[in-house]
2 protein chains.
Amino acid sequence: MQIAIGLYPGFTALDAIGPYQVFTQVPDVDVVLCAERTGRLSDDNGLLHLDVEHTFAEVTDPDLLLVPGGFITRKLARERDPIVEWVAATHPSTTYTTSVCTGALLLGAAGVLEGLDATTHWSAYDELASYGAQPTEQRVIQQGKVWTAAGVSAGIDLALTLLAEIWGPELSQAVQLGIEYDPQPPYDAGSPTKADPEILDLVRAVSAQREADVLA
Amino acid sequence: MQIAIGLYPGFTALDAIGPYQVFTQVPDVDVVLCAERTGRLSDDNGLLHLDVEHTFAEVTDPDLLLVPGGFITRKLARERDPIVEWVAATHPSTTYTTSVCTGALLLGAAGVLEGLDATTHWSAYDELASYGAQPTEQRVIQQGKVWTAAGVSAGIDLALTLLAEIWGPELSQAVQLGIEYDPQPPYDAGSPTKADPEILDLVRAVSAQREADVLA
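Residues numbered from 1 in each chain as written. Chains lettered and ligands numbered in written order. Predicted model: local features only at pLDDT ≥ 70, side-chain atom pairs only at ≥ 80, totals over all residues.

*Asks:* I'm lost on the pairing of strand β2 (residues 30-35) of chain B in this one. Help?
*Replies:* If a strand is regular, its side chains alternate between the two faces of the sheet. Residue and element names in this part refer to chain B. For strand β1 (residues 2-6) and β2, the ladder comprises five bridges, and the chain directions are parallel. Bridged to G6 within β2 is C34. Considered for its hand, the β-α-β crossover made up of β1, helix α1 (residues 13-23) and β2 is right-handed. Sheet topology places β2 next to strand β5 (residues 54-55); two bridges connect them, and they run parallel. Note that in β5 the partner of C34 across the bridge is H54. (Pairing = 2+ DSSP bridges. Helix = DSSP H or I, 4+ residues; strand = E, 2+ residues; numbered from the N terminus. Right-handed = clockwise from strand over helix to strand, strands pointing away.)

*Asks:* Is there a simple way to explain the interface of chain A and chain B in this structure?
*Replies:* How big an interface is tends to be expressed through the accessible area that disappears when the partners come together. Listed as interface residues are 58 residues of chain A and, on the opposing side, 58 residues of chain B. At eight residues, the largest contribution of residues to the side of chain A that touches chain B is made by helix α7 (residues 169-178) of chain A. A breakdown of the residues in the side of chain A that touches chain B according to their chemical character gives 31 nonpolar, 17 polar and ten charged. (Contact = placed C-beta atoms within 7 Å. Nonpolar A, V, L, I, M, F, W, Y, C, P; charged D, E, K, R; others polar.)

*Asks:* Explain the sheet that holds strand β11 (residues 146-149) of chain A here, please?
*Replies:* Two pairing modes exist for strands in a sheet, parallel and antiparallel, and in both the strands are linked by backbone hydrogen bonds. Residue and element names in this part refer to chain A. Sheet architecture is open: seven strands sit in the order β5-β2-β1-β6-β7-β11-β10, paired in mixed fashion. Each edge of the open sheet is held by one strand with a lone partner, namely β5 (54-55) and β10 (140-143). Where helix α1 (residues 13-23) meets the sheet, its contacts fall on β1 (2-6), β2 (30-35), β6 (64-67) and β7 (96-100), and the angle it forms with β1 comes to roughly 165°. (Axes fitted to C-alpha atoms, helices over the stretch in contact; angles between N-to-C directions.)

*Asks:* Could you clarify how one ought to interpret the packing of α1(A) against helix α6 (residues 154-167) of chain A in this entry?
*Replies:* For any two helices packed against each other, one specifies the crossing angle of their axes together with the interaxial distance. All names here are of chain A. Remark: α1 packs on α6, axes separated minimally by 8 Å, with the N-to-C direction vectors making an angle of 30°. When the axis of α1 is compared with that of α6, the two are roughly parallel. Judged by the twist between their axes, the crossing of α1 over α6 is right-handed. Where α1 abuts α6, its residues D15, G18, P19, V22 and F23 lie against G155, I156, L158, A159, L160 and L163. Among the residues forming the contact of α1 with α6, the class breakdown is eight nonpolar, two polar and one charged. (Parallel < 35°, antiparallel > 145°, perpendicular 65-115°, else oblique. Left-handed = near helix turned anticlockwise from the far one by under 90°.)

*Asks:* I would appreciate a short explanation of the relation of the copies chain A and chain B in the present structure.
*Replies:* Between the two copies of the chain lies a relationship made up of a rotation around an axis and a movement along it. Least-squares fitting of chain A to chain B yields an RMSD of 0.0 Å, with the transformation described by 0.0 Å of translation along the axis and a rotation of 180°. Both copies of the chain, as the preceding transformation shows, are related through a two-fold rotation axis. Using C-alpha coordinates, one finds that chain A approaches the rotation axis most closely at L50(A), a distance of 2.2 Å. The fraction of interface residues of chain A whose copies in chain B are also interface residues reaches 100%, indicating that both copies meet through the same surface. (Least-squares fit on C-alpha atoms with pLDDT ≥ 70 in both.)

*Asks:* It is not clear to me how the pairing of β7(A) should be interpreted in this structure. Could you clarify?
*Replies:* Residues and elements named next belong to chain A. Along β7, four of the five residues are buried, which leaves the element largely enclosed by surrounding structure. Bridging between β6 and β7 involves four bridges; their strand directions are parallel. Bridged to V67 within β7 is S99. Across four bridges, β7 lies against β11 in parallel orientation. Along β11, the bridge assignment pairs T97 with V146. (Buried ≥ 20, exposed ≤ 12 C-beta atoms within 10 Å, placed from the backbone.)

*Asks:* Honestly, the confidence of the model for chain A in this entry has me stumped. Any pointers?
*Replies:* Reading predicted coordinates in detail is not appropriate for stretches of low pLDDT. Taken as a whole, chain A shows an average pLDDT of 97; of its residues, 100% reach a score of 70 or greater. For this predicted complex, the interface score ipTM comes out at 0.97, alongside a pTM of 0.97. (pLDDT = per-residue confidence, 0-100.)

*Asks:* Quick question: what am I supposed to make of the packing of α6(A) against α7(A) here?
*Replies:* Residue and element names in this part refer to chain A. Direction vectors running N to C along α6 and α7 enclose 150°, while the axes themselves pass 6 Å from each other. You can see that α6 and α7 cross each other, and the crossing is right-handed. Every residue of α7 that contacts α6 at L160, L163, A164 and W167 is listed here: P169, L171, S172, V175 and Q176. For the contact of α6 with α7, the per-class residue count stands at seven nonpolar, two polar and no charged.

*Asks:* What is the right way to read the sheet that holds β1(B) from this model?
*Replies:* Residue and element names in this part refer to chain B. Across the sheet, which stays open at both edges, the seven strands sit in the order β5-β2-β1-β6-β7-β11-β10 with mixed pairing between neighbours. The strands lining the two open edges of the sheet, one partner per strand, are β5 and β10 (140-143). Pairing between β10 and strand β11 (residues 146-149): four bridges, direction antiparallel. Counted as the bridge partner of Q142 is W147 from β11.

*Asks:* What am I meant to see in the environment of A189(A) here?
*Replies:* Positionally, A189(A) belongs in the loop between α7 and α8 (197-215). A count of 23 C-beta atoms within 10 Å places A189(A) in the buried class. As a C-alpha pair, A189(A) and L200(A) span eleven residues in sequence and 9.7 Å in three-dimensional space. For A189(A), the residues in contact, after removing those within four places along its chain, are K194(A), A195(A), D196(A), Q173(B), Q176(B) and L177(B).

*Asks:* Please clarify how α7(A) should be interpreted in this entry.
*Replies:* Three- or four-residue spacings in an α-helix give side chains the same orientation, since the helix completes a turn every 3.6 residues. Counted residue by residue, α7(A) has seven buried out of ten residues, so it is predominantly covered. In the core, the buried residues of α7(A) are packed alongside α1 and α6 of chain A together with α8 (197-215) of chain B. E180(A) sits one or two residues past α7(A) and shows a positive phi near 45°.

*Asks:* Please explain the nonpolar core as it appears in this structure.
*Replies:* One recurring pattern in soluble globular proteins: nonpolar side chains tend to sit buried together. Formed by 148 residues in total, the largest nonpolar core has its most connected members in L7(A), V87(A), L106(A), L7(B), V87(B) and L106(B). For L106(B), the residues in contact, after removing those within four places along its chain, are V67(B), T73(B), L76(B), A77(B), I83(B), V84(B), V87(B) and S99(B). (Core = buried A, V, L, I, M, F, W, Y, C linked by C-beta atoms within 7 Å.)

*Asks:* What exactly am I supposed to notice about α1(A) here?
*Replies:* Burial of α1(A) is extensive: eleven of the eleven residues sit out of reach of the surface. Here α1(A) has its buried residues at A13(A), L14(A), D15(A), A16(A), I17(A), G18(A), P19(A), Y20(A), Q21(A), V22(A) and F23(A).

*Asks:* What am I meant to see in unusual backbone geometry here?
*Replies:* Apart from glycine, the bulk of residues carry a negative phi angle, and the bulk of peptide bonds sit in the trans form. Of note, the phi angle at E180(A) is positive, near 45°, even though the residue is not glycine. Tracing the sequence through the fold places E180(A) in the loop between α7 and α8.

In structure tokens, the structure reads:
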């Protein structure tokens, strides 16, 4: 079984590394990080630099593909970046096609979400709808072989849920215990419905600004 | 304010990237990833390769230092690896000295945990005690300026708790909302007290084997 995580300059680190940490604990699975080109690839902060070893051209038939989000995804989706072409080319033969956060917009641009319920970061529901998806406020949404997760940290929940689906609850629980995933955030404020309205407005403004900076 | 995340070959990716994702959302903070040498540095799976830009020798006075864990930490602790020397040298002038998972063993080897309550991955309590710490089953433990977190994913909770301490609850909640950290694991099985005993035994055996592989 091959699990491919597709990357691009400007991805959000935890979107990719949360699922990566979960998937790599499964025995006998080939986890591959790939991008348009090999070599240095930086995240959306410009502080984390990966040295990528595999290209999209090498990874043509993954069983499971996962695409992380980032502030740049709207631009990549509109421009049909190589990662969109890779999703479109590989999706027909995958067993699971999945995304975290605004990675869903890349699935959308590849035509994967037409008519499906899907989710993304809470700030990007409108953009998601523009690809024919029904934005849905759940942490992880399964529609046949297409699974989408909410913002950034939701990739951990997505990956553990996929493990339970593919290999059963025992393996999922074993990996959960291995990464000691017994979350205890200091506040219960991690979704728009739970957050203070003023904080919600603030984060919405910051997100919009970061996205505008990327597009500028 | 400078936040330094100290890395070494064989670190566990999510231990570092969870806190990295949280810290990098704080305005006007200098987050730096550093290691003994610049250049390529691989995680404990040998699949994720970073291109590190800063050395320990450059980062001599961080306000906050964080050390992630990994299967190799027991070896590094015993051999007084350069990361242990870096912690020992910088700890006296930090405002916060922190660890995730078995990164606590590196703090221990640097002499930071003597006489303190501390935590680490649940499989490493005995080793932690050997450094004079009192192993304590909490997700995040604060002892003066020394904060330790439980295994792997606990670094996210640690970092959000630190944000609340340093910048106040509003900023912590804003970052939590930004990364949509509203965790919903498919099972409530992420700690030894919650896990099925057979799964606990299995994961204990797998962890011991991976550690033995590193030491071999």
